[in-house]
Amino acid sequence: YASADLVYALSEISRGIADALSVRMTADESDRLARTPTNNPEAYEHYLRARQAQGRSHWYVPGLMNALEIGEDEYELAMNHYRAAVELDPAFAEAWAGMATATRGYGRNVKGKDLWGAGRQPFFKQAYEYAERALEHDPCNAEALLLHHHMSWIAAPEKEPPVADAVWQSDPAWSEAYERDIEAPRQAIECEPNNAVAWR
């Protein structure tokens, strides 16, 4: 395929891979596979280049939020491509989710007094807002669902107070908070049953 036709070929390529691997899919999975992330080939190319820029970082692991760090040069290059992608297609959920992941990862590189130091918080809040934009256009985007939840207690504490993992195990009063804390991964698994990060 010519690069300009790639977005139209994505479904055919994906189905060819699934057929070759003899993958059994639910109707929802099959429908999701048939969808294209954008109908704009130029936006899709910017998205791919942004993901590539993220991948140059030694610590980049797609979707593995707590291992992701990205250097300044990679971050700027990735964000330039992501911004170009969403300018060309404002409804491109995957690009918004990528912006959220990159911004969250870069925020981890900013040195603060502690892991959630004041210097990092603006990046985490921005990541949260990018994830919200992704979910506006695709409520089933697992990457955005997980990041949105993970950043919510920093960006919107009134909606999502923090949950300390060690506490709910010893204090029954925290069981409700624990159930709320794992709701986002459950939702991500409903959207993408084979999403290893959500299961983890």
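Right above here is the structure, for reference.
Every value quoted in this text rests on a predicted model; they were computed, and no experiment measured them.

**Details of the side chain of asparagine 195**
So, point 1. Inspection of the secondary structure assignment puts asparagine 195 in the loop between helix H10 (183-191) and helix H11 (196-199).
So, point 2. The exposure class of asparagine 195 is buried, given its relative accessible area of 13%.
So, point 3. Only 3.1 Å separates the side chain of asparagine 195 from the backbone nitrogen of valine 197, close enough to count as a polar contact.
So, point 4. Excluding residues within four positions of it along the chain, asparagine 195 makes contact with Ala142 and Leu146.

**A short note on the packing of aromatic side chains**
Aromatic ring pairs: the centre-centre distance and the angle between the two ring planes describe each pair.
So, point 1. Applying the stated criterion to the full structure yields six aromatic pairs.
So, point 2. Each ring, one from tyrosine 75 and one from tyrosine 106, has its centre 4.4 Å from the other, and the planes form 5 degrees; the classification is stacked. Taken together, the positions of tyrosine 75 in helix H4 (residues 72-88) and tyrosine 106 in helix H5 (residues 93-109) put the pair 31 residues apart, joining distant regions of the chain.
So, point 3. On the basis of relative accessible area, tyrosine 75 is assigned to the buried category, the value being 8%.

**Details of H5**
So, point 1. The terminal C-alpha atoms of H5 lie 25 Å apart, and with 17 residues this matches the ideal 24 Å at 1.5 Å per residue to within 8%.
So, point 2. Counting buried positions along H5 yields 15 of 17 residues, so the element is predominantly enclosed.

**Re the pattern of salt bridges**
One side chain can pair with another of opposite charge once the charged atoms of both are near each other.
So, point 1. Under the defined criterion, the tally for this structure stands at three salt bridges.
So, point 2. Glutamate 45 is the salt-bridge partner of arginine 49, the closest N and O atoms lying 3.1 Å from each other. Taken together, the residues span about one helical turn, with arginine 49 and glutamate 45 both in helix H3 (residues 41-55) at a distance of four residues.
So, point 3. A relative accessible area of 37% means that glutamate 45 is categorised as partly exposed.
So, point 4. For arginine 51, the salt bridge is made with glutamate 143, and the minimal N-O distance between the two is 2.7 Å. Taken together, the residues arginine 51 in helix H3 and glutamate 143 in helix H7 (residues 142-155) connect sequence positions 92 residues apart. With respect to burial, arginine 51 and glutamate 143 carry one shared label: buried.

**Looking at a nonpolar patch on the surface**
So, point 1. Together, Tyr1, Ile13, Ile17, Leu21, Val23 and Met25 make up a nonpolar patch on the protein surface, roughly 600 Å² of accessible area in all.
So, point 2. By the element assignment, leucine 21 lies in the loop between helix H1 (6-20) and helix H2 (27-34).
So, point 3. Among the residues examined, leucine 21 registers a relative accessible area of 62% and is labelled exposed.

**Some words on the nonpolar core**
So, point 1. With 41 residues, the main nonpolar core has Met79, Tyr82, Phe92, Ala95, Met99 and Met151 as its most contacted residues.
So, point 2. Counting only elements with at least two residues in this core, the list comes to H1, H3, H4, H5, helix H6 (121-137), H7 and H10.
So, point 3. When neighbours within four sequence positions are excluded, tyrosine 82 is seen to be in contact with Tyr47, Ala50, Arg51, Gln54, Ala95, Gly98, Met99 and Ala102.

**What about the environment of asparagine 141?**
So, point 1. For asparagine 141, the position within the fold is in the loop between H6 and H7.
So, point 2. Classification of asparagine 141 as buried rests on a relative accessible area of 6%.
So, point 3. Discounting chain neighbours no more than four positions away, the residues touching asparagine 141 are Arg32, Ala93, Glu94, Ala97 and Leu135.

**Quick word on the packing of H6 against H7**
So, point 1. Following both chains from N to C, one finds H6 and H7 inclined at 140 degrees, their axes separated by 8 Å at the closest point. One finds that H6 runs oblique with respect to H7. Helix-helix and strand crossings are classified by hand; for H6 and H7 the assignment is left-handed. Across from Gln121, Phe124, Lys125, Ala127, Tyr128, Ala131, Glu132, Ala134 and Leu135 in H6, the residues of H7 making contact are Ala144, Leu145, Leu147, His148, Met151, Ser152, Ile154 and Ala155.

What counts, and at which threshold
- Residue numbers run consecutively from 1 along every chain, following the written order of its sequence.
- Where local features are concerned, this predicted model is filtered to residues with pLDDT of at least 70; where side-chain atom pairs are given and counted, the filter is 80 or more; whole-chain, interface and lining totals use all residues.
- By convention in this description, side-chain values take in all heavy atoms of the structure and omit both hydrogens and water.
- The way it works is that DSSP assigns letters per residue, a run of H or I at least four long becomes a helix, a run of E at least two long becomes a strand, and they are numbered from the N terminus.
- Throughout, exposure labels follow a simple rule: accessible area from a 1.4 Å probe, protein chains only, divided by the maximum for the residue type, with under 20% read as buried, over 50% as exposed, and the rest as partly exposed.
- Under the rule applied, a polar contact is a pair of N or O atoms within 3.5 Å (in protein, one hydrogen donor and one hydrogen acceptor; residues adjacent in sequence only if both atoms are side-chain atoms).
- Throughout, a residue-residue contact means that at least one pair of heavy atoms, one from each residue, lies within 4.5 Å.
- Within 6.5 Å between ring centres, the rings of Phe, Tyr and Trp (the latter by its six-membered ring) count as paired, and their orientation is classed by plane angle as stacked under 30 degrees, edge-to-face over 60, tilted in between.
- One less than the number of residues in a helix, times 1.5 Å, gives the span that helix is expected to have.
- Definition used for salt bridges: Asp or Glu carboxyl oxygen within 4 Å of a side-chain nitrogen of Lys or Arg.
- For patch detection, residues must exceed 30% relative accessible area and be free of salt bridges, and they are connected within 9 Å for like charges or within 5 Å for nonpolar side chains (Val, Leu, Ile, Met, Phe, Trp, Tyr).
- Each accessible area is a Shrake-Rupley estimate made with a 1.4 Å probe; only the visible protein chains count as cover when residues are assessed.
- We define the nonpolar core as a collection of buried residues of types Ala, Val, Leu, Ile, Met, Phe, Trp, Tyr and Cys that are connected through side-chain atoms lying within 4.5 Å of one another.
- Axes, fitted as lines to C-alpha atoms, cover a helix only where it is in contact. Angles between the N-to-C directions of the axes lie from 0 to 180 degrees.
- Here the word oblique covers every angle except those under 35 degrees (roughly parallel), over 145 (roughly antiparallel) and from 65 to 115 (roughly perpendicular).
- Crossing handedness is read from the near helix: turned anticlockwise from the far helix by less than a right angle, it gives a left-handed crossing, and turned clockwise, a right-handed one.

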